[in-house]
Amino acid sequence: MVLALLLSQSKYLFLSGIITALPILTLINMGMQMKNMKEDTFHSVLQNTVFEAVGMLLFTVLAFLLTIWFKPSISVISSLAVYAVFMLSGKYIMSMFT
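Not measured: the values here are computed from a predicted model. (Residues numbered from 1 in each chain as written. Predicted model: local features only at pLDDT ≥ 70, side-chain atom pairs only at ≥ 80, totals over all residues. Heavy atoms only, no water.)

K.L.:
Which residues make up a nonpolar patch on the surface, and what values do they have?
P.N.:
Taken together, the side chains of L57, V61, F64, L65, I68, W69, F70 and I74 make up a nonpolar region of the molecular surface, amounting to roughly 800 Å² of accessible area. Sort the elements by how many residues they give to the nonpolar patch and helix α3 (residues 42-66) lands first, with four residues. Relative to the helices and strands, F70 is located in the loop between α3 and α4 (72-97). (Patch = residues over 30% accessible without salt bridge, like charges linked within 9 Å, V, L, I, M, F, W, Y side chains within 5 Å. Areas by Shrake-Rupley, 256 points an atom, 1.4 Å probe, with all protein chains shown as cover. Salt bridge = Lys/Arg side-chain N within 4 Å of Asp/Glu carboxyl O. Helix = DSSP H or I, 4+ residues; strand = E, 2+ residues; numbered from the N terminus.)

Given below as structure tokens:
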């Protein structure tokens with residue numbers, strides 16, 4: 001939230017919206033998972049939650065860093081593409097460990 005506040009004072013206003021939406025999306029996701037969660041699935045849910053948090057951090061950092069060289073719309077689309085590849089490859093890698 002501090003980062004969103006700092007970004008709202010900068011010229012990168014769209015990033016404050018992204019950063020503000022991340023915790024809200026995470027809470028919604030956790031609530032939906034906990035509704036139907038059993039004890040034996042807790043470990044797998046925990047792994048997925050940590051992996052998702054890393055992916056969202058990657059998305060946010062890339063969106064911020066790419067605005068140095070590209071327009072905001074291109075930066076967000078590129079970051080979203082990297083996030084999608086990260087999440088899909090992570091799903092494959094995580095399935096190898098379980």
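K.L.:
Lay out the environment of A81 with the relevant residues and their values.
P.N.:
Its place among the elements puts A81 in helix α4. Taking C-alpha positions, A81 is 9.0 Å from F59, a pair spaced 22 residues apart along the chain.

K.L.:
Give me the lowdown on the side chain of S75, citing residues and values where you can.
P.N.:
The residue S75 is located in helix α4 in this model. A distance of 3.3 Å separates the side chain of S75 from the backbone nitrogen of T67, its partner in a polar contact. Not counting residues within four places of it along the chain, the set of residues in contact with S75 comprises A63, L66, T67 and F70. (Polar contact = N/O pair within 3.5 Å; in protein donor to acceptor, adjacent residues only side chain to side chain. Contact = heavy atoms within 4.5 Å.)

K.L.:
Can you lay out the confidence of the model for the protein for me, pointing to particular residues and giving the numbers?
P.N.:
Averaged over all residues, the pLDDT of the protein is 76; the fraction at 70 or higher stands at 73%. No element of the protein has a lower mean pLDDT than helix α1 (residues 2-8), at 54, and none a higher one than α4, at 84. (pLDDT = per-residue confidence, 0-100.)

K.L.:
Explain the side chain of T67 to me, and be specific about the residues and the numbers.
P.N.:
Here T67 is to be found in the loop between α3 and α4. The class for T67 is buried, based on a relative accessible area of 9%. One polar contact links the side chain of T67 to the main-chain carbonyl oxygen of F64, over a distance of 2.5 Å. (Buried < 20%, exposed > 50% of the residue type's maximum accessible area, 1.4 Å probe, protein only.)

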